[in-house]
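Coordinate inspection notes
Residue-level listing of the chains:
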Amino acid sequence: MFSRLTIISCFLFFFNALVGQEEVGGFYFGPKLGPTIGTQNWDGFDRRPMFNYHAAVFIESIDPDFKGAFFGQIGYHSRGSSLNFRNFIGNFNSEAFTFRNISVMMGAKKRLITNTLYTPYYFVGVRGEYQLSNNLQDIQDRFNSPFFPVPGFVNKWTYGISFGGGIEFLGSEFIQPAVELNVAPDLSFQYQSVAIQNVINPFNGQPTTLPERRIRNITIELSFVMRFMRRVVYIN
């Protein structure tokens, strides 16, 4: 498991390393915003997608020779999924289970040389996340279903990987827009409960056993990016 101190220490070390790139010319930084599609795996069964949003800020080393760059980012990300179910009176409902996380990511990026006005790239990184809040209690208050996840089994700390690619567009010397697609599967469980016996089934009134439940997040994010350059000018 990732500890809080480990995640913060790694990010601060990585941030200082990137800022140190000023000695060779500077760095890029800026925001990322866009829509999110989240899904989850519940013990081998995939849920329906959840639609939400994300926001992040990043810092990235300058890569003038297309040899590769390092980056770090921190942001707010929505993880989760949705589920169609039948209520007590026979009507169908769709409900989203949402986990709101703060994520810290560090990774490497490779840009591809082209003769056009845009530059494609791909990247891979590792993430550590802390859960700020979720809506599980709200769902329990409204539906009171023993088959839904409950807040007591949520893991506050999770980790995973991220990979994807994007396109940088030609802008001014110091400002460049970009579009990026990121796939972020978790390696740890966002939710993990033990088996619970003698739970009353609300549909037939009989006691039942709720099996152990383990939930991992899988998220796809489309980001609209603004890249601002910080350049160091040496004066002799």
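Residues numbered from 1 in each chain as written. Predicted model: local features only at pLDDT ≥ 70, side-chain atom pairs only at ≥ 80, totals over all residues. Heavy atoms only, no water.

1. Let's talk about the overall build of the protein chain
When its secondary structure is counted, the protein chain shows 2 helices and 12 strands. Shown N-terminal to C-terminal, the secondary structure of the protein chain runs as helices and strands in the order α-β-β-β-β-β-β-α-β-β-β-β-β-β. Each of the 236 residues in the protein chain was classed as buried or not, and the buried ones make up 41%. If you take every contact in the protein chain between residues at least 6 apart in sequence, the share linking residues at least 24 apart comes to 70%. (Helix = DSSP H or I, 4+ residues; strand = E, 2+ residues; numbered from the N terminus. Buried < 20%, exposed > 50% of the residue type's maximum accessible area, 1.4 Å probe, protein only. Contact = heavy atoms within 4.5 Å.)

2. Things to note about the pattern of salt bridges
The final tally for this structure, using the stated rule, is 12 salt bridges. Taking the shortest distance from any N to any O, the salt bridge between Arg79 and Glu129 comes out at 2.4 Å. With a gap of 50 residues between them, Arg79 in strand β4 (residues 69–86) and Glu129 in strand β6 (residues 118–134) connect regions that are remote in the sequence. Side by side, Arg79 and Glu129 carry an identical accessibility label, which is buried. We note a salt bridge from Arg127 to Asp186, for which the minimum N-O separation is 2.9 Å. Placement of Arg127 in strand β6 and of Asp186 in the loop between β8 (175–185) and β9 (191–193) is noted, with a sequence separation of 59 residues between them. Residue class for Arg127 comes out buried when judged on its relative accessible area of 2%. Its relative accessible area of 6% is what places Asp186 among the buried residues. Salt bridges here are not isolated pairs; linked through shared partners, they connect Glu60, Asp63, Lys109, Arg111, Glu168 and Arg227. (Salt bridge = Lys/Arg side-chain N within 4 Å of Asp/Glu carboxyl O.)

3. Examining the confidence of the model for the protein chain
Mean pLDDT for the protein chain: 84, with 80% of residues reaching 70 or above. Contacts of residues 19–24 to residues separated by more than four positions or lying in other chains number 10 contacts, the stretch itself having pLDDT below 50. (pLDDT = per-residue confidence, 0-100.)

4. Description of the packing of aromatic side chains
In total, this model carries 8 aromatic pairs according to the counting rule given. Consider the rings of Phe71 and Phe123, whose centres lie 5.9 Å apart with planes at 90 degrees: the pair is edge-to-face. Taken together, the residues span a long stretch of sequence, with Phe71 in strand β4 and Phe123 in strand β6 at a distance of 52 residues. Look at Phe123 and you get buried, because its relative accessible area is 6%. Plain terms: the ring middles of Phe153 and Tyr191 are 6.1 Å apart, the flat faces sit at 70 degrees to each other, and that makes the pair edge-to-face. With Phe153 in the loop between α2 (136–143) and β7 (157–169) and Tyr191 in strand β9, this pair connects stretches of sequence that are 38 residues apart. Exposure remark for Phe153: the relative accessible area of 25% places this residue in the partly exposed category. The class for Tyr191 is buried, based on a relative accessible area of 3%. (Phe/Tyr/Trp six-rings, centres within 6.5 Å; stacked < 30°, edge-to-face > 60°.)

5. With respect to α2
Of the residues making up α2, those classed as buried are Leu136, Ile139, Gln140 and Phe143. The buried residues of α2 all sit within an arc of 100 degrees when viewed along its axis, so they share a single face. In α2, the exposed positions angled more than 90 degrees off the buried face are occupied by Asp141 and Arg142. Directly beyond the C-terminal end of α2, a positive phi value near 50 degrees is found at Asn144. (Arc of directions from axis to C-beta.)

6. Overview of the nonpolar core
As a rule of thumb, nonpolar side chains are buried together in soluble globular proteins. Trp42, Leu83, Phe97, Phe99, Leu136, Ile139, Phe143, Phe148, Val154, Tyr191 and Ile215 together form the largest nonpolar core, which totals 11 residues. Broken down by secondary-structure element, the contributors of at least two residues to this core are β5 (92–111) and α2. For this core, the leading source of residues is α2, giving 3 residues. Not counting the four nearest positions on each side in its chain, Tyr191 is found in contact with Leu136, Pro149, Val150, Phe153, Val154, Asn155, Arg213, Arg214 and Ile215. In terms of nonpolar packing, the next biggest core, distinct from the first, is built from 9 residues, Phe58, Met105, Ala178 and Val225 among them. (Core = buried A, V, L, I, M, F, W, Y, C linked by side-chain atoms within 4.5 Å.)

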